[in-house]
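# Report on the structure
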Amino acid sequence: MDKGEGKRETVCVTGAAGFIGSRLVKNLLQKGYGVHATLRDPENPAKNSHLLSLPGAKERLHLFKADLLQHGSFDSAVEGCDFVINMATSTDFQGDIVQPTVDGTMNILRSCKKAKTVKRVIHTSSIAAACPLNEDGQLKEILDESCWTPVDYIKGRDVVYGMYSVSKTLAEQAALRFGAEEEIEVVTVLVGMVGGPWLTPTVPGSVSSILASLTENRLLYEVTCSSKDLFGSVPLVHVEDVCSAHIYLMEHPSAAGRYVCCSDPVTVADMLNFFRKRYPEIPLAFGNKEEEDEWKKVLVPISSKKLSDVGYSYKYHLEEILSDSIECAKQMKIL
Ligand SMILES: NC(=O)c1ccc[n+]([C@@H]2O[C@H](COP(=O)([O-])OP(=O)(O)OC[C@H]3O[C@@H](n4cnc5c(N)ncnc54)[C@H](OP(=O)(O)O)[C@@H]3O)[C@@H](O)[C@H]2O)c1
């Protein structure tokens, strides 16, 4: 942002073409920041056109090619930046998702250290790195920043998105350790399941899970239901709140350490009831009274106290998270 002192601040966003990354780039440009966006394939119109068409992109957006798997790959994107927001994460669910995410995070942090201009790194982690489980798999009483996913428990079991949880946990721990050892400010954001409108040409994975009962996707519906066992709720948050919380934590010097970012822990029954009431014309493919009766209330509350203590307040809740997802799906003719 141009603070009126002649110098415009520049933010590097890794994984910038993705669901959250692209909305974050939009909001940073809107606020007047210069943006260095990293993509694996910056020449590909399917990956870059939703970024290049953003207001302010022509003047202040630069695309860089970078891959988590390549050492030194982020050096030129990070060079000269004031802040780095690390959204990139391995999405190779068929292969090894853990090592690329952990090594890639370290690659990015080493580029930050080398650049010497980076004031703070905001690392996008996940609620999946803070599963409120004891070592024996029992749910704790609250999900907050003190929770760390018990990696050994998860590794030994067939848990939905288990290795994703492991990857986010180990990458966040490595990022915080690197920050402490190398004296780089690293703030981590533990994001819930993200809904809301998207700029990407394809439907984001988390929105597909949120809308699965309407789109007849049994597998993803079961993924959403299974979040009860890992989190004690479906931990919803709106993409706009995720982006503005990232920017808020970047801009506020007092921010430090981990921050949970999840406005609405709900049950699947809460979601289905909302769909029934607000969109009676869209038939629900799944959900029955028996299932809904079994899980009537949130088992583990999620605390955003640390985020609100630093001054941030959520602007969106269940209704907007679901209806904005549906309206965008309607525009794309998916519903
Ligand atoms: N959506 C959610 O519900 C949710 C919840 C919690 C946390 N998060 C976190 O939020 C961040 C963004 O997620 P998202 O939902 O926006 O996912 P997304 O749309 O899949 O974006 C992920 C990004 O990571 C990049 N990426 C994947 N493999 C890479 C590699 N080897 N090298 C460099 N970049 C690579 C992709 O870049 P390309 O464009 O080059 O393919 C993509 O832009 C991730 O860190 C995710 O863990 C998301």
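Here we summarise the structure given alongside this text. (Residues numbered from 1 in each chain as written. Predicted model: local features only at pLDDT ≥ 70, side-chain atom pairs only at ≥ 80, totals over all residues. Heavy atoms only, no water.)

Taken together, 26 residues are adjacent to the ligand, and Arg40, Leu68, Met87, Tyr164 and Lys168 come closest. One of the backbone N or O atoms of Ile20 is found 2.9 Å from an oxygen atom in the ligand. Note that an oxygen atom of the ligand is positioned 2.8 Å from one of the side-chain N or O atoms of Lys168. In isolation the ligand offers 890 Å² of accessible surface; the protein chains occlude 87% of this area. Contributing elements (two or more residues each) for the shell around the ligand: helix 1 (19-30), strand 5 (120-126), helix 7 (162-182) and strand 7 (193-195). By residue number, the principal contributor to the shell around the ligand is strand 5, which donates 3 residues. Counted by class, the shell around the ligand contains 12 nonpolar, 10 polar and 4 charged residues. (Near = heavy atom within 4 Å. Polar contact = N/O pair within 3.5 Å; in protein donor to acceptor, adjacent residues only side chain to side chain. Areas by Shrake-Rupley, 256 points an atom, 1.4 Å probe, with all protein chains shown as cover. Helix = DSSP H or I, 4+ residues; strand = E, 2+ residues; numbered from the N terminus. Nonpolar A, V, L, I, M, F, W, Y, C, P; charged D, E, K, R; others polar.)

Quick look at the nonpolar core now. Grouped together as the largest cluster of nonpolar side chains are 70 residues, with contacts concentrated most on Val13, Val25, Leu28, Leu236, Leu249, Phe275 and Leu307. The biggest single contributor to this core is helix 11 (residues 239-251), with 8 residues. Listed in part, the 43 residues of the second largest apolar core include Ala66, Ala115, Val151 and Val166. (Core = buried A, V, L, I, M, F, W, Y, C linked by side-chain atoms within 4.5 Å. Buried < 20%, exposed > 50% of the residue type's maximum accessible area, 1.4 Å probe, protein only.)

With the rule as written, the count across this model stands at 1 cavity of 30 Å³ or more. Here the largest cavity defines a volume of roughly 50 Å³. Ser209, Ile210, Ala212, Ser213, Tyr221, Thr224, Val268, Met271, Leu272 and Phe275 are the residues that line the largest cavity. For the lining of the largest cavity, the secondary-structure elements that each account for two or more residues are helix 8 (205-210), helix 9 (212-215), helix 10 (218-231) and helix 12 (268-278). When the residues that make up the lining of the largest cavity are grouped by side-chain class, the tally is 7 nonpolar, 3 polar and no charged. (1 Å grid on protein atoms, 1.4 Å probe; cavity = no way out; pocket = protein on both sides within 12 Å on 5 of 7 lines; lining within 4 Å. Points joined across faces, edges and corners; volume = space filled by probe spheres on them.)

This part takes up the sheet that holds strand 7. Spatially, 7-8-10 is the arrangement adopted by the 3 strands of the open sheet, whose pairing is mixed. Whereas interior strands pair on both sides, the edge strands pair on one side only; in this sheet they are strand 7 and strand 10 (264-266). The sheet shows a mean angle of 35 degrees between the axes of neighbouring strands, direction not considered. Direction of pairing for strand 7 relative to strand 8 (residues 234-238): parallel, over a ladder of 3 bridges. Bridging from a neighbouring strand, Met193 pairs with Leu236 of strand 8. Sitting on the sheet, helix 11 touches strand 7 and strand 8, and the angle it makes with strand 8 is about 70 degrees. (Pairing = 2+ DSSP bridges. Axes fitted to C-alpha atoms, helices over the stretch in contact; angles between N-to-C directions. Contact = heavy atoms within 4.5 Å.)

Functional significance is not addressed by these values, which are geometric in nature.
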